[in-house]
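One letter stands for each residue in the lines below.
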Amino acid sequence: MHRDIELTNWTAVCSLDEIVPNTGVCALLGGEQVAVFHVADAEERVFAIGNYDANSGVSVLSRGLVGSLGERIVVASPIYKQHFDLFTGECLEAPEHSVPSYRARVQDGKVWVCA
């Protein structure tokens with residue numbers, strides 16, 4: 001029963017193996033587009049941020065390039081190349097265009113995002 005309560009705010013969006021390592025996919029959570037990323041480093045990690053890039057006015061962050069700037073894991077928007085921190089959703093070049101970040105995890109081979 002505790003497990004059911006724990007998962008009430010979490011939504012399974014796909015299997016981890018459906019996301020190519022170091023890329024993202026778009027998922028719909030409660031009517032909002034969320035960019036979900038699989039970062040293959042020492043830990044197979046997943047991250048989720050809003051998909052809408054206010055710099056360009058389109059929902060494209062899930063198609064961006066995953067990388068790092070210093071110690072920050074980021075995605076570069078495919079339109080104007082602004083960098084978004086995958087932990088916080090902060091837009092490094094234009095903080096006023098930051099996006100929400102969501103908790104994400106892998107459980108039983110599936111990617112779960114907390115809305």
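This one's a predicted model, so the numbers in the text were calculated from it and none came from an experiment.

Caption draft 1: Quick look at the nonpolar core. Phe 37, Ile 49, Leu 61, Val 75, Phe 84 and Leu 86 are the most contacted members of the largest nonpolar core, which has 13 residues in total. Broken down by secondary-structure element, the contributors of at least two residues to this core are strand S3 (32–39), strand S4 (45–50) and strand S8 (72–76). With three residues, S3 is the single largest residue contributor to this core. Grouped together as the second largest cluster of nonpolar side chains are 11 residues, Cys 14, Leu 16, Val 36 and Ala 48 included.

Caption draft 2: Representation of the sheet that holds strand S1 (residues 10–15) in the model. Ordered by their spatial adjacency, three strands build an open sheet running S1-S12-S11, and the pairing between neighbours is antiparallel. The open sheet has two free edges, formed respectively by S1 and strand S11 (104–107), since each of these has just one partner strand. Sheet twist, expressed as the average angle between the axes of neighbouring strands with direction ignored, equals 30°. Looking at chain direction, S1 and strand S12 (residues 110–114) are connected through five bridges and run antiparallel. In the strand pairing of S12, Ser 15 is matched with Lys 110.

Conventions and cut-offs
Residues numbered from 1 in each chain as written. Predicted model: local features only at pLDDT ≥ 70, side-chain atom pairs only at ≥ 80, totals over all residues. Heavy atoms only, no water. Core = buried A, V, L, I, M, F, W, Y, C linked by side-chain atoms within 4.5 Å. Buried < 20%, exposed > 50% of the residue type's maximum accessible area, 1.4 Å probe, protein only. Helix = DSSP H or I, 4+ residues; strand = E, 2+ residues; numbered from the N terminus. Pairing = 2+ DSSP bridges. Axes fitted to C-alpha atoms, helices over the stretch in contact; angles between N-to-C directions.

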